[in-house]
Each structure stands twice: as C-alpha cells, then as structure tokens.
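# Chains, contacts and geometry: an overview
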Amino acid sequence: MISLAGRDILHSWGKFVFTGVGLGLLIGVTLTMAGVYRGMVDDGKALLDNSGADLWVVQKDTLGPYAESSSLYDDVYRGILGMPGVARAANVTYLTMQVRHGETDVRSMVVGVVPGGPGEPGQPGYLIAGRQITRGHYEAVADVATKFKLGERIQIRRNIYTVVGLTRRMVSSSGDPMVFIALKDAQAAQFLKDNDAIVHQRRRTSANPTYNRPGVPGLLNSVIASQSINTSVNAVLVQILPGFTPEEVAEPIRRWKRLQVYTRAQMEDLLIRKLIATSAKQIGMFLVILAIVSAAIVAFIIYTLTLGKIREIAVLKLIGTKNRTIAGMIMQQAVGLGIIGFVVGKIAATVWAPFFPKYVLLEPVDAAWGFFALMVICVLASVLAIRAALKVDPAEAIGG
Amino acid sequence: MHWQGIKIEGLRKRYGEGDTAVDALKGVDMRVAPGEVVGLVGPSGSGKTTLLKCLGAVIEPTAGRMSLGEDVIYDQGWKISDLRELRRDKIGFVFQAPYLIPFLDVTDNVALLPMLAGLPNEEARKRAVELLEALDVAHRAKAMPSQLSGGEQQRVSIARALVNRPPVILADEPTAPLDSERALAVIRILNDMARRFETAVIVVTHDEKIIPTFKRIYHIRDGITYEEAGEGRGFEAAPDKFAVK
C-alpha cells in the first residue's frame, strides 16, 4: 500500500515545508529555553568547579556566598587553617558590578583573591593567555567573555587595573564573566566611597563628641581610619587533605568556629535548588506555554489541511478506504510536520545558541525528550482533524 | 436461473418521520443486465441521487430489495455486513467531476483501489496501466490529475471505477462538464467497457446529447421509475477519433 500521507506531503511540499519551518522556529525557541536552563545549571557547576574549593566557610546561618550575602572577618581563615584535615584556606570576596572598559560598561563578577598561583582556592584554574596576579594591587585576570584584551586598562570603582591574564568559563551563577583582582583591592572596592562622601563622613565623625574628645588625642584619627578599612570577606574557601572526607573536615569547623560550612554537594544543591529555582520555574512555564502553542499550531494546520480535503476524503471513503487508513494518513501528516519542525528547530537552536549573551547548553537528552514530546503533541493534535475526517459522509462524494 | 446484473424491486426511501417525512423513492423497480448501459433520467428532485446513493450502499433504503448478481445485498435491511468492502469490490463510481486524488499520479489514482483490496502495489499498477491503455490515457500515466484535460480526467475516473472489475458501475452525470464530442466519447467508453468486462452500468444524466445513445432508459419522476426503450443510436454519429482502442 502506498503512503497517502507521504504522497500528499510531496505533492504540496511547499505548504508543508513553510509550515514546518514556522513550527521549527517555535521548537527552536523551546529547545533554546531548555538550553538556557541547562546553561544556568552548568554555569553554577562551573562556578563551583573553578573555585577549586572542597568546602565553603561562610557566615553562620546564611546560604552564602552565592545564594545570600555572607560576611566574615578576614582573619578567620587563620583559625581554619589549623583545623584537622585542612590543606589550604583562602579568603574570597564576590561583588557583581559594572566594570568600566573604555567608553562601555561590562557587567562582571569581581572576585577578590589572595595573589598566588594556580591551584590556590579561588584562583582562576587555568589561563589561556598572560599570567596570574602577582602584585598586591591593580592587576586583573579576566574571563574572555568580558572581551578584555591583555594589557588593557579597566576601571573598578575609582581605580585603574591592568589586565595581566585571561581565563575561560569563569562565570557567576547568573552567567556574568568574572574579573579577578587582589583581595585587598576587592575589599576596598566593596566599600569605597567617592571623595565627597568621604569628606562628608569625616565631618560627621568630627562633629560627634563621642569620637572627638578634647582629652583623648588620636581617637578621632583612629575612628576615621577604621571607617575607610574593610576587614570583611564573603567566604573562606577550603581545600582538604587527602584521606579526609569533606564532612569530616566540615563538622569541627561548624562546631568549634561557629561558622556555616558547605560541602561541594550541599553547595551544588543550594545553587540549583535555591539560586536558580525561580529562573527554572520561569523557564518551565515558558516551556509549557510553548508546548501548548506548538500543539495549537499543529492542530490548526492539520485541521485546516484536512478540511481542504473533505471531498477527497469522501471519495476515498466511498471507494472503500478504511477509516483506519484515513486516520493514519492524517496522523502521519501531523507527525511528518512535527519531524520537519524538529529538524528545523534543532538546526535553528544550534545555529543561534552561540549568539546568546548567556551560556546556552543544548543537551542531546533534551533534544530527545523534545522530539518525543513533539511526536506526542502531533499525534494528539491530529485527533481533531481525524474526528472531522471520520465524520465525513461518503455520500458527499455523490452530491445531490 | 438467477438474474446476473442489478435487480431492484420495490425500493423505497423515506427521509424524516411523521408530518415532515418525505418519500424520495416510492417503489423503484429496475433491472440492468451485465454488459448493458442504461440511462436514468429525471428532473431535479425526482429521486435520482437518492436511488444512486441507495445503490451505492451509502444510505440505507427504507424498504424493498436489491441484488447484485446472485447476491442479495438489501432485503428490508442490509444483507452485507461490510458495506465499505461491498463498495470497494462490487461497485464502481464515476462522478460528475472526476474527483481524482490530487496528490496521486494517474496510475496510482487507478491502482489505489486494488491496493486497498490488498493487491501488491506492482500488480495493482500493472492492472491500472492495462486499463489506462484500453482507455487511451496510458501516455499520461505519470501525470498528476491537475495536468490532465477534463476528458482525460473523466477517462481516468472510469478506469478507477473499473479497476476492481466490479459487476456494477454507477455513473452520476459523467458527461456534465464535457462538450458534445467528449461526452459521446465517454459514453462510448462506458459501453465498450461494459461489454468487455460484463459490467452493468447505470448512467444518471440530464444530458440531451447522450440520452439518444441509450438502448434502454429509466425515467424517474416523484420517486417512481418508468422504463422506456431508447433510440440507442448515438455512437454511429460519434467521430472516429473517440473510438476506443
């Protein structure tokens, strides 16, 4: 038996292809939305991987440093270094801000790290050009996604930094590329005020009799000096010694240092379940809406195509074609349309994904699920048209 | 001995019930022998189409009896369980418009029926090509219906009606859209095919051009048929170029 659906598609291929392309673009958007979600998860994992830490020590009762703000004194790491199982510990600060680059701003996550070599917690894991930060001030290592070049000068707050190294895939959980600077610079940048604000603050402090006592020389200067120093960091990143499990090391820190400690697994859970949970729901809603729109489009197109063939269907029924054959023809056309749409959508998503500002990760498993869902949608969408076709009276072919 | 063609006795069809009931057929009697082509003529609303639909097993008569060859297909109720199979294997249809399937080429339009009946594709196509050759349209075997002239389309639809070698062909105004020459050619083809395949053919028509070609005509008026001898002289006047090979 010949394929009636295949012949019909070949006969009116233009109609099917153009409709399939339209549907395909919609499917491309759907696959891209799934890719955006996967990209967010992957960015989160990359953030954890690239930090080089086994444990994150943060302020007690917070979900810091990524999901909530966290503040620790910058000498806490010394105590942690003395805990059993700790190999290395390093302070780190995170600050999302606009980094000035020539005439433009680049949204980045500025990471303050202790200058050192690769392998130190918090340091960029590897460089694709240049070197690590070696000086205490005004050097930066940037992710290539910032589009900064080696030797270029960038502005963070009031200070100018020279880009001495470039790295790759170092992004925040929201996809902003990272710029690494020395910890002291980052601490200063977090609370650095403009000159007018500093003058205003000094005047207010001088006017406060508590700090400006005639009989206590040096007090006012000490208070003013403390106001311009930031001794806080967001977290201490810890690497553990071989032979210890993360939990074995984390537990004494929690107990004796009264700090919150997260293992890699807990941090991943925090990032995915809490930090990007709302975004994931948002994307999920989009996926549901897109699936409904796709189903409506397929149903409408197949229904319209079927109504355009009522007379032929009546003739087919009159000359003895089984209802099953006619239903099969319509269903195969819906599936054919879905296949054209999927191929177009997959190609479209693959082509346009690299142009998205955030990382879009197109997973084959998502494509497979997408294809399966599309086939189900096509089959369900053809039911309306099949119902209309089966209602056609073969007597209509005779007329009268 | 059994009558081998179509036999209709006292066929009635009522639409609706009660005060709104309409008797479209009030007792139709017809007999058409194998190889015979008869005309069914009548004004609009006389019951022609209703009779055709009853014969075509697409609507159920209210009463009466119909038989095809030795098989009684209706006797106060359908005697055949699968009417779709009956239409596919025992009845050929030729319509006013050819209603060819637009996405199948000429060969597959004709071969579709034997394929539906379970014949292998190649065998069905071979049978279709043989018929197309007989109807002088084999040279358009690979053409799509939209590429054919009206006359060619009608010949293809006749081939489709004949391809399963049905004992009966029902032709509903098959010459309506054609000019005189092509109309006569179609009737000549139907006559020739009826003789060749021993098929009983009923041609419903208004067409004055072809009425004189029938040897027997049934007039239908107000749901009742009246038989009349036709002139049966049309083919002598038809040009040779429409002669069937």
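Residues numbered from 1 in each chain as written. Chains lettered and ligands numbered in written order. Predicted model: local features only at pLDDT ≥ 70, side-chain atom pairs only at ≥ 80, totals over all residues.

### A look at the overall build of chain A
Looking only at helices and strands, chain A features twelve helices and twelve strands. Judged by the C-alpha coordinates and their principal axes, chain A covers about 115 × 50 × 45 Å. By the burial criterion, 39% of the 400 residues in chain A qualify as buried. (Helix = DSSP H or I, 4+ residues; strand = E, 2+ residues; numbered from the N terminus. Buried ≥ 20, exposed ≤ 12 C-beta atoms within 10 Å, placed from the backbone.)

### Regarding the domain arrangement of chain A
For chain A, the domain assignment lists domain 1 (4-43 + 278-397) and domain 2 (60-192 + 234-258). Each of domain 1 of chain A and domain 2 of chain A has a C-alpha centre, and these two points are 47 Å apart. (Domains from an automatic or database assignment.)

### Quick word on unusual backbone geometry
Residues and elements named next belong to chain A. One non-glycine residue, Tyr 138, lies in the positive phi region at around 65°. Along the chain, Tyr 138 falls in the loop between strand E5 (129-130) and strand E6 (139-143). Even without a glycine there, the phi angle at Arg 157 is positive, about 55°. By the secondary structure assignment, Arg 157 is in the loop between strand E7 (153-156) and strand E8 (159-167). With 17 C-beta atoms counted inside 10 Å, the residue Arg 157 sits in the partly exposed group.

### As for helix H2 (residues 13-51) of chain A
The end-to-end C-alpha distance of H2(A), which contains 39 residues, comes to 53 Å, matching closely the 57 Å that a straight helix rising 1.5 Å per residue would cover. Gly52(A), located one to two residues past H2(A), shows a positive phi value of around 70°. (Expected span 1.5 Å × (residues − 1).)

### Describing the packing of helix H9 (residues 277-307) of chain A against helix H11 (residues 323-352) of chain A
Residue and element names in this part refer to chain A. Contact geometry of H9 with H11 gives a least axis separation of 10 Å together with a crossing angle of 135°. By the criterion of interaxial angle, the relationship of H9 to H11 is oblique. Regarding H9 and H11, the two cross each other, and that crossing is right-handed. Of H11, the residues touching H9 (which contributes Val 298, Ile 301, Ile 302, Leu 305 and Thr 306) are Ile 330, Gln 333, Ala 334, Leu 337 and Gly 338. Of the residues assigned to the contact of H9 with H11, the class counts are seven nonpolar, three polar and no charged. (Axes fitted to C-alpha atoms, helices over the stretch in contact; angles between N-to-C directions. Parallel < 35°, antiparallel > 145°, perpendicular 65-115°, else oblique. Left-handed = near helix turned anticlockwise from the far one by under 90°. Contact = placed C-beta atoms within 7 Å. Nonpolar A, V, L, I, M, F, W, Y, C, P; charged D, E, K, R; others polar.)

### Details of the sheet that holds strand E5 (residues 71-75) of chain B
Residue and element names in this part refer to chain B. Across the sheet, which stays open at both edges, the four strands sit in the order E2-E1-E4-E5 with antiparallel pairing between neighbours. Bordering the open sheet on either side are strand E2 (22-32) and E5, each of which pairs with just one other strand. Shown here is a sheet whose adjacent strand axes are inclined to one another by a mean of 20°, direction ignored. Bridge count for strand E1 (residues 6-15) against E2 is eight bridges, and the pairing is antiparallel. Paired with Lys 13 across the strands is Leu 25, a residue of E2. (Pairing = 2+ DSSP bridges.)

### A word on the packing of helix H3 (residues 106-116) of chain B against helix H4 (residues 121-134) of chain B
The relative placement of two packed helices comes down to the angle between their axes together with the axis-to-axis distance. Residues and elements named next belong to chain B. Taken N-terminus to C-terminus, the directions of H3 and H4 make an angle of 125°; their axes are 8 Å apart at the nearest point. By the angle between their axes, H3 is oblique relative to H4. As H3 runs across H4, the sense of the crossing is right-handed. Two secondary-structure elements touch here, H3 through Val 106, Thr 107, Val 110, Ala 111, Pro 114 and Met 115 and H4 through Asn 121, Ala 124, Arg 125, Arg 127, Ala 128, Val 129, Leu 131 and Leu 132. Taken together, the residues of the contact of H3 with H4 sort by class into ten nonpolar, two polar and two charged.

### Some points on the interface of chain A and chain B
Contacts between the two partners involve 19 residues from chain A and, on the opposite side, 24 residues from chain B. Of all the secondary-structure elements, those providing two or more residues to the side of chain A that touches chain B are helix H1 (4-11) and helix H10 (310-318) of chain A. The greatest single-element share of the side of chain A that touches chain B, amounting to four residues, is contributed by H10(A). By residue class, the composition of the side of chain A that touches chain B is nine nonpolar, five polar and five charged.

### Regarding the environment of Glu68(A)
Residues and elements named next belong to chain A. Here Glu 68 is to be found in the loop between strand E1 (55-58) and strand E2 (72-73). Here the alpha-carbon distance between Glu 68 and Leu 275, two residues 207 residues apart in the chain, equals 8.8 Å. Beyond its immediate chain neighbours, meaning those up to four positions away, Glu 68 contacts Thr 62 and Leu 63.

### Some words on the environment of Thr96(A)
Residues and elements named next belong to chain A. Secondary-structure assignment places Thr 96 in strand E3 (residues 86-101). For the pair formed by Thr 96 and Pro 214, sequence separation is 118 residues and the distance between their alpha carbons is 43 Å. Those residues in contact with Thr 96 that sit more than four places away from it in its chain are Met 109, Ser 172 and Asp 176.

### Concerning the nonpolar core
Judged by nonpolar contacts, the single largest core of 174 residues is most densely connected at Leu55(A), Val57(A), Ala140(A), Val236(A), Val238(A), Ala159(B) and Leu190(B). In terms of residue count, H2(A) provides more of this core than any other element does, ten residues in total. Once residues lying within four places of it in the same chain are set aside, the contact partners of Leu190(B) are Val37(B), Ile158(B), Ala171(B), Val201(B) and Val203(B). (Core = buried A, V, L, I, M, F, W, Y, C linked by C-beta atoms within 7 Å.)

### So, the pairing of strand E11 (residues 235-240) of chain A
Residues and elements named next belong to chain A. Counting buried positions along E11 gives five out of six residues, so the element sits mostly inside the fold. Relative to E11, E3 is paired through six bridges, and the arrangement is antiparallel. Each bridged residue has a counterpart across the sheet, and for Ala 89 the counterpart in E11 is Val 238.

### Some remarks on helix H5 (residues 150-162) of chain B
Residue and element names in this part refer to chain B. Here H5 is 13 residues long and its end C-alpha atoms lie 19 Å apart, about the 18 Å a rise of 1.5 Å per residue gives. Across the 13 residues that make up H5, a large majority, twelve, are buried. Lining the buried residues of H5 we find strand E6 (91-94), H3, H4, strand E7 (168-172) and helix H6 (180-197).

### Comments concerning the pairing of strand E4 (residues 63-68) of chain B
All names here are of chain B. Bridge count between E1 and E4: five bridges; the pairing is antiparallel. Opposite Arg 12, over in E4, you have Ala 63 as the bridge partner. Two elements, E4 and E5, share four bridges in a ladder whose sense is antiparallel. The residue of E5 that forms the bridge with Ser 67 is Val 72. A loop of two residues connects E4 with E5, the two strands running antiparallel in sequence, and Gly 69 in this loop sits at a positive phi of about 60°.

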